[in-house]
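Below are the chains, spelled out letter by letter.
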Amino acid sequence: MARVTDPPATEPPATGRAGPRTGARQRLLEVAARLFYAEGIHAVGIDRIIAEAGVAKATLYAHFSGKEELVAAYLSERSDRWASDVAARVEPLPPGSPERVLAPFDLLAERVATPGYRGCPFINAAAEFPAPGLVADRITDHRERVRGAFEALAAEAGAAGRDVGTDLVVLYDGAMTAAHLDADPSAVTGARALAASVVSGAHVPAGTAG
């Protein structure tokens, strides 16, 4: 199986308050993730996160040096969850099949139809943090993981080449953005069809390379 090292973290926010049995750091991350995604990062203050997580301010600073580090941790967790979810979707599919390459689009189709969908959290964060720094680094890391995942899955399906991975990422990004801005989940269906054409057009039959 191709290793899925990351993908689109376009996951709708968790709902409700964090549970009382959750560790303080995880409660802070769950509350921050819900609020950051739903309302925007700069619109949500540290005091509100602390209050909704039910922890002391000193507890937050024991786990995070400040808001920027909290945002970076939120993005890292979203990236890891995206990778895990895509891997779970890919694993049952036949090795080398085009369906494995298109699995992220199938997962995205479900997410864009979920109430509260606000697009890609990484694209949203990039708009709020345009300058170099910890947050920008996490965004770059995720982008590299997404591209690497598509490239690996495409190569496994016989559609090798960096351009293929780049084309798939462009289609994926466009689907995420259009589904949000146009409130039209069908954008993902169209992007998936185009992605299937990209994979089919780049396929190299076994024994013909060289």
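Computed from a predicted model, the values in this text were never measured in an experiment.

### Concerning the nonpolar core
And step 1. Within the largest apolar cluster, 57 residues are counted, with the highest numbers of intra-cluster contacts made by F36, I49, L70, L75, F105, L108 and L168.
And step 2. Elements that contribute at least two residues to this core include exactly α1 (24-39), α2 (46-53), α4 (67-90), α5 (98-112), α6 (121-128), α7 (134-156), α8 (162-181) and α9 (186-202).
And step 3. Beyond its immediate chain neighbours, meaning those up to four positions away, L75 contacts P121, F122, A125, V135, R138 and I139.

### A word on the environment of D163
And step 1. Counting through the fold element by element, D163 comes out in helix α8.
And step 2. Take D163: its relative accessible area is 60%, and that puts it in the exposed class.
And step 3. Along the backbone, D163 and E151 are 12 residues apart, and their C-alpha atoms lie at a distance of 8.6 Å.

### Some points on the packing of aromatic side chains
And step 1. Per the stated rule, a full pass over the model turns up five aromatic pairs.
And step 2. When the centroid spacing of 5.5 Å and the interplanar angle of 65° are considered together, the rings of F36 and Y74 count as edge-to-face. Placement of F36 in helix α1 and of Y74 in helix α4 is noted, with a sequence separation of 38 residues between them.
And step 3. Take F36: its relative accessible area is 2%, and that puts it in the buried class.
And step 4. On the basis of relative accessibility, which here comes to 2%, the residue Y74 falls in the buried class.
And step 5. Between W82 and Y172, the ring centres sit 6.2 Å apart and the planes meet at 80°, which makes this aromatic pair edge-to-face. Here the residue W82 occupies a position in helix α4, and Y172 occupies one in helix α8, the gap between them amounting to 90 residues. For the pair shown, W82 and Y172 are each scored as buried.
And step 6. An aromatic cluster is defined as three or more aromatic residues linked by ring pairs; in this entry it consists of W82, F105, F150 and Y172.

Conventions used here
- Residues numbered from 1 in each chain as written.
- Predicted model: local features only at pLDDT ≥ 70, side-chain atom pairs only at ≥ 80, totals over all residues.
- Heavy atoms only, no water.
- Core = buried A, V, L, I, M, F, W, Y, C linked by side-chain atoms within 4.5 Å.
- Buried < 20%, exposed > 50% of the residue type's maximum accessible area, 1.4 Å probe, protein only.
- Helix = DSSP H or I, 4+ residues; strand = E, 2+ residues; numbered from the N terminus.
- Contact = heavy atoms within 4.5 Å.
- Phe/Tyr/Trp six-rings, centres within 6.5 Å; stacked < 30°, edge-to-face > 60°.

Nothing here speaks to function; it is geometry throughout.
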